[in-house]
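Coordinates in review
Take a look at the letters that make up each chain.
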There are 2 protein chains.
Amino acid sequence: MAAVVFRHFHHCVPLLLPAPHSLPSLSPLCSIPLPSSRPRTRAFSVSSSSSHASSPMDHSQKFMEFPFVSAPHRDLMVDLVSMIETRLDSQLGPDTLPPDVKYYHNQSGTAQGTLHSRSGLSSSKVDFILGSWLHCNLPTGGALNITSISAYLKASTDAPNFLIELIRSSPTSLVLILDLPPRKDLILHSEYLKTFYEDTRLDSLRQTLFKLPEVQLYFSPQLFIRCVISPTAIVIKIDTDAAGAGRIEEIIKDHISSAAKEALRIWLDQCACGERTVGEEERTYLEKRDELIKKRTIEIDLEKSLPRLFGPDVANRVIGVLREIYAV
Amino acid sequence: MAAVVFRHFHHCVPLLLPAPHSLPSLSPLCSIPLPSSRPRTRAFSVSSSSSHASSPMDHSQKFMEFPFVSAPHRDLMVDLVSMIETRLDSQLGPDTLPPDVKYYHNQSGTAQGTLHSRSGLSSSKVDFILGSWLHCNLPTGGALNITSISAYLKASTDAPNFLIELIRSSPTSLVLILDLPPRKDLILHSEYLKTFYEDTRLDSLRQTLFKLPEVQLYFSPQLFIRCVISPTAIVIKIDTDAAGAGRIEEIIKDHISSAAKEALRIWLDQCACGERTVGEEERTYLEKRDELIKKRTIEIDLEKSLPRLFGPDVANRVIGVLREIYAV
């Protein structure tokens, strides 16, 4: 997540939300019907006190609950996290985030989020894994739900990172970003393009999704974000106004799930666990390029959107921790 | 053109054409009705003799005739060439291409093409301008028509190049590529992204075209081509099966024409005639990156498609001249 989760807030938030001071104190939360296949344990009961976020409650598992999204959506996210953690478990340290960053919310309780992070051990090529969900009540009566997972590699490999993000601003709409963002200029490095994007046949996943009549391309309003993604990136918008919310859940279950798992499998095999040789000069180049992307991601997304949703104190706390993880 | 013109041949040709040895000798040519606003002077009369291409006939103006496309399509191309040549005339040398490259055709006369090129004088930032049209009869009875203009700058500036290409494989379909392809990695050079793509508001042209219900995104099957374009590139496919050919011509006249002229105006003002400082190290980087793009373009497009359409002799002649222009 995190930085990733908010990439599109600048787009969604101004349209959907009034300024924070005028946010209505809506409750109960959870506006999307949950045809739940998993029990909603620890169902959310928010306190309007800001002390809630730093209470001694155990929020260590809250990220994996994905309590506000549909069963197919939650199942997909849980499966992807499990795939990563099963395969890379021995390479990853524990999630040591402070409780009030693992789970945070705004004063009125209309917005809440989680952050999950595990760093790669010194022997691993994985720099860190980030996961997140975010839920925000909308003045219109609906809710915005964003879930994401991202995985960043160290400069000891030049292999691509991994990213998935699902953004729901209504039960009949979905924006999906699924990509292995490259870490090099693909014009200068044609072998890299061939190895990670042509030979892996990643584009076939995009082609398959584009056969669905509901699928449209989504253009991020931020040109920088369009530059970060690969030529096989799946960046799509699905609207099923006519067929309703059921169709979106069907698409997640029958199409997006398999595409996301296949992309992740390719990333785990070829990138996180693949062998690549990186010279000293190239390592410096990768460090610089990686850092620029992380910095711009925080500037473009988090610093504009988080304060609006959560107020400056919570936003500063979460962004501060993310800057530490990102080392920027 | 040229290299540019053929970018999508690998996609179109296998679908539309049998292998050259089985090409039917179709005639007459010109399958698209021409609601002509300009007289079709020097109407095409092809000789099946291969000596035709090297005959003493004057082909110097053939490029500007665009004899096989509709009036709105031809008017657009002529206007764009005129805009470039009017603005840059004092910076450009004459078109010195040999006659049998200025105009060329296959033995059976079912495929013909033109090439127009002017190099920038030593004082100019323009490296060269290329224009082209290509016409090819299809075994199905229709015709493939491709017209393009591209403009490349020298390494004394890092400003983007210019590119427009219109591909018609039937009277009711059009693929348009309109872009200022960047010459640097936009992740590493955020000032470049801001100057040429954000501040110029190039994306508003794309947004306007995407408001038309007939407009869809076009994905080049070649990932490399997707990497070459900018984040504001207009790469679209328009199908008007229901409304027929008239609607495509209306879209070219009312929408594509203004977008293309505005993009070209931005390129002329900000890129071809803008002031940029380029250091020695950066110059070496630009030369390398420019060269890689030109080389790959020839490999991917021309070397695969031209021999199929024109036979090896004509293809080698045209590609040889393009290699000289491209200096690769």
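The structure we're discussing is the one just above.
Residues numbered from 1 in each chain as written. Chains lettered and ligands numbered in written order. Predicted model: local features only at pLDDT ≥ 70, side-chain atom pairs only at ≥ 80, totals over all residues. Heavy atoms only, no water.

What follows deals with the packing of aromatic side chains. The final tally for this structure, using the stated rule, is 20 aromatic pairs over all chains. Relative to Tyr-326 of chain B, the ring of Tyr-152 of chain B has its centre 5.6 Å away and its plane inclined at 55 degrees; by these criteria the two rings are tilted. Of the two residues, Tyr-152 of chain B sits in strand β4 (residues 143–153) while Tyr-326 of chain B sits in helix α9 (residues 280–326), which places them 174 residues apart along the sequence. Overall, Tyr-326 of chain B belongs to the buried group, its relative accessible area being 2%. Each member of the aromatic cluster is reached from another via a ring pair, and the members are Phe-128, Tyr-152 and Tyr-326 of chain A. (Phe/Tyr/Trp six-rings, centres within 6.5 Å; stacked < 30°, edge-to-face > 60°. Helix = DSSP H or I, 4+ residues; strand = E, 2+ residues; numbered from the N terminus. Buried < 20%, exposed > 50% of the residue type's maximum accessible area, 1.4 Å probe, protein only.)

What follows deals with the relation of the copies chain A and chain B. For these two chains of identical sequence, chain A goes onto chain B by a turn of 180 degrees and a shift of 0.0 Å along the axis, with RMSD 0.0 Å. Here the symmetry operator amounts to a two-fold rotation axis. Considering only C-alpha atoms, the residue of chain A closest to the rotation axis is Asp-185 of chain A, which sits at 3.0 Å. Most of the interface of chain A is mirrored in chain B, where 100% of its interface residues are also at the interface. (Least-squares fit on C-alpha atoms with pLDDT ≥ 70 in both. Contact = heavy atoms within 4.5 Å.)

This brings us to the pairing of strand β2 (residues 111–119) of chain B. Looking along a regular strand, one sees the side chains alternate between the two faces of the sheet. Residues and elements named next belong to chain B. Where burial is concerned, most of β2 is hidden: 8 out of the 9 residues are buried. When strand β1 (residues 103–105) meets β2, the two strands line up antiparallel, connected through 3 bridges. When the sheet's bridge partners are listed, His-105 is paired in β2 with Gln-112. From the end of β1 to the start of β2, which pair antiparallel, there are 5 residues, and Gly-109 there has a positive phi angle of about 80 degrees. Both β2 and strand β3 (residues 126–137) contribute to a ladder of 9 bridges, which runs antiparallel. Each residue of the ladder has a partner; that of Ala-111, found in β3, is Cys-136. (Pairing = 2+ DSSP bridges.)

This paragraph deals with the pairing of strand β3 (residues 126–137) of chain A. All names here are of chain A. The buried fraction of β3 amounts to 11 of the 12 residues, a majority that puts the element mostly inside the structure. Judged from the 11 bridges that link them, β3 and strand β4 (residues 143–153) form a sheet pairing that is antiparallel. The partner of Leu-134 across the bridge, within β4, is Ile-146. In sequence, β3 turns back onto β4 through a hairpin of 5 residues, with Gly-141 there showing a positive phi of about 105 degrees.

All names here are of chain A. Sheet architecture is open: 8 strands sit in the order β1-β2-β3-β4-β5-β6-β8-β7, paired in antiparallel fashion. The open sheet has two edge strands with one neighbour each: β1 (103–105) and β7 (215–217). Neighbour to neighbour, the strand axes of the sheet diverge by 15 degrees on average, direction disregarded. Contacts between helix α3 (residues 71–88) and the sheet are confined to β2 (111–119), β3, β4 and β5 (162–170), with β4 contributing the most and set at about 15 degrees to the helix. (Axes fitted to C-alpha atoms, helices over the stretch in contact; angles between N-to-C directions.)

The subject of this paragraph is the environment of Leu-178 of chain A. All names here are of chain A. Position of Leu-178 relative to the elements: it lies in strand β6 (residues 173–179). We classify Leu-178 as buried; its relative accessible area is 4%. For the pair Leu-178 and Leu-268, spaced 90 residues apart in the sequence, the C-alpha separation amounts to 14 Å. Sequence-distant contacts of Leu-178, defined by excluding residues within four places in its chain, comprise Phe-162, Leu-163, Ile-164, Ala-233, Ile-234, Ala-259, Ala-260 and Ala-263.

Attention shifts here to the sheet that holds β3 of chain B. Residues and elements named next belong to chain B. Ordered in space as β1-β2-β3-β4-β5-β6-β8-β7, the 8 strands form an open sheet in which the pairing is antiparallel. Because the sheet does not close on itself, it has two edges, and the strands there are β1 and β7 (215–217). Here the average twist between neighbouring strands, direction ignored, is 15 degrees. Strands in contact with helix α3 (residues 71–88) are β2, β3, β4 and β5 (162–170); relative to β4, the strand with the most contacts, it is inclined by about 15 degrees.

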